[in-house]
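As a plain string of letters, each chain reads:
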Amino acid sequence: MKESGLLARTPWFYAMVGAAIALGLGGCITGFILLGESWFQLLIAGALGILFTQVAFLSHEAAHRQILRTGPGNDRLAWFLGGGIVGMSYSWWDSKHSRHHANPNRVDRDPDIAVDTISFLDEDAAKARGIQRLITRYQGWLFFPLLAFEGLNLHALSIKHLIFSKDQIKGRWYELAMIVVRLAVVAVPVFLFLPVGMAFAFLGVQLAIFGIYMGASFAPNHKGMPIIAADARIDFFTKQVRTSRNVSGGWWATWLFGGLNYQVEHHLFPSMSRPHLAKTREIVRDFCHANDVPYTETTIWRSYGIVIDYLNRVGLSARDPFDCPMVGQYRRV
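Given the structure is predicted, the values throughout are model-derived calculations rather than measurements. By convention here, each chain's residues receive numbers from 1 onward along its written sequence. Residues qualify for local features only when their pLDDT is at least 70, as the model is predicted, and side-chain atom pairs are given and counted only at 80 or more; totals for whole chains, interfaces and linings, by contrast, use all residues. Side-chain numbers come from the whole structure's heavy atoms, not from hydrogens or water.

Asker: I'd like a description of a nonpolar patch on the surface, backed by residues and values.
Answerer: Together, Ile131, Leu134, Tyr138, Trp141 and Leu142 make up an exposed nonpolar region whose accessible area comes to about 550 Å². Where the nonpolar patch is concerned, the elements lending two or more residues are helix H6 (130–137) and helix H7 (139–146). Relative to the assigned elements, Leu142 resides in helix H7. By relative accessible area, which is 32% here, Leu142 ends up partly exposed. Distance thresholds for patches are 9 Å for like charges and 5 Å for nonpolar side chains (Val, Leu, Ile, Met, Phe, Trp, Tyr), applied to residues having over 30% relative accessible area and no salt bridge. Only the protein chains shown count as covering a residue, and every accessible area follows the Shrake-Rupley method with a 1.4 Å probe. Salt bridge, as used here: a side-chain nitrogen of Lys or Arg that lies within 4 Å of a carboxyl oxygen of Asp or Glu. Segments assigned H or I by DSSP are reported as helices when at least four residues long, segments assigned E as strands when at least two residues long, and all are numbered from the N terminus. Accessibility here uses a 1.4 Å probe with only protein chains present; expressed as a share of the type maximum, an area under 20% marks a residue as buried, one over 50% as exposed, and anything in between as partly exposed.

This is how it looks when you write it as structure tokens:
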């Protein structure tokens, strides 16, 4: 990779992406002012949800040292983009995401498969009770509708982490202040210039689009791929490749997913810039085929189908083992 120049930084690319996003945000602000009290404002809200997700992709890449030449510079950029623009805590996300990269899909090590509203492991699904159990039973079908609340959840988790976490957090109160100011900058003008009902609808659409887009971008990466036991011993290359799934589609998928469509390559070379991932894919795929390591790549729609099927299969563990499907059918009749 070094000999091919694929580990080099590409500041020109990120400068263009940043300029395009800034132009889009400027257009949204202008459109918001010109439209006034109109339900067409919901289109602006949807566009903001998409643009905030694109900024989150850049924050993710900065955190992985992909954009700038120095580590501290990348950290500051990720901190500003994540907290000041998107409204998420960089310290919370960085801790969680670093543990995920070290042990993807490993039981008790990867926070991304820890139980939340959704259960990703059979044993977690079996422990579900009350409303959680009901959701878990049908979690595959409910997964994408639930993502509409993920944007709100990400903001809440960020603030909760910064206020209540007992861990040492560098710049805890600066980060919290930045996030609160950012949320105010987005919400206050909406309630000042729009009727209350329209203002709530605007924020609801923005958060829903942001949550769905974020969740739909990260879901295909590992969900439904092999789960690694907590005590398993496996080499780095096999662990990263076998637990990751690529999404085909070329340049449009790269733009849509912020480079996350090349998940295998991203996990092998987390500091690699987005424009180099496509070329790296060819090298890694050939190496995997030559060395009998499974390399997974599928279409975006097929990946979503796999995720839904996997979550539904896990959700079976939350169903009553004494529930007879035939009896249930006759009861409904």
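Still to come is the rest of the account.
Asker: So what's going on with the nonpolar core? Which residues, and what values?
Answerer: Buried Ala, Val, Leu, Ile, Met, Phe, Trp, Tyr and Cys residues that are joined via side-chain atoms within 4.5 Å together make up what is termed a nonpolar core. If you look at the biggest cluster of nonpolar residues, it comprises 35 residues, and the most contacted ones within it are Met88 and Phe202. The dominant element in this core, judged by the number of residues it contributes, is helix H2 (residues 41–63), at ten residues. By the convention used here, residues are in contact when the closest approach between their heavy atoms is within 4.5 Å. Leaving out residues up to four positions away in the same chain, Phe202 has contacts with Phe32, Gln41, Leu42, Ile44, Ala45, Leu48, Val190 and Leu194. Counting residues in hydrophobic clusters, the runner-up holds 13 residues, among them Ile118, Tyr310, Leu311 and Val314.

Asker: Give a detailed account of the packing of helix H8 (residues 150–164) against helix H10 (residues 196–222), specifying residues and quantitative values.
Answerer: Running from N to C, H8 and H10 cross one another at 90 degrees; their axes reach a closest spacing of 6 Å. Our classification of the angle between H8 and H10 gives roughly perpendicular. Between H8 and H10, the contacting residues are Glu150, Gly151, Leu152, Leu154 and His155 on the first element and Leu207, Phe210, Gly211 and Met214 on the second. Each residue receives one of three labels: charged for Asp, Glu, Lys and Arg, nonpolar for Ala, Val, Leu, Ile, Met, Phe, Trp, Tyr, Cys and Pro, and polar for the others, Gly being one of them. Within the contact of H8 with H10, the residues separate by chemical class into five nonpolar, three polar and one charged. Note on method: axes are straight lines fitted to C-alpha atoms, helices fitted across the in-contact stretch only, with angles between N-to-C directions ranging 0 to 180 degrees. Here the angle decides the label: under 35 degrees means roughly parallel, over 145 means roughly antiparallel, 65 to 115 means roughly perpendicular, and every other value means oblique.

Asker: Which residues make up the pattern of salt bridges, and what are the values?
Answerer: One pass over the structure, following the stated rule, counts six salt bridges. A salt bridge links Lys279 to Glu282; the nearest nitrogen and oxygen atoms lie 3.8 Å apart. Placement of the pair is Lys279 and Glu282 together in helix H14 (residues 277–290), with a separation of three residues, close to one helical turn. Accessibility expressed as a relative area gives 45% for Lys279, which makes it partly exposed.

Asker: Explain the side chain of Lys239 residue by residue, including any values.
Answerer: Inspection of the secondary structure assignment puts Lys239 in helix H11 (residues 236–242). One buried charge, Lys239, has no salt-bridge partner; the nearest side chain with opposite charge is Asp235, at 8.7 Å. Beyond its immediate stretch of four places on either side in the chain, Lys239 contacts Ala102, Asn103, Pro104, Arg106, Ile228 and Ile234. Charge counting follows a simple rule: Lys and Arg are positive, Asp and Glu are negative, and His as well as the terminal groups are ignored.

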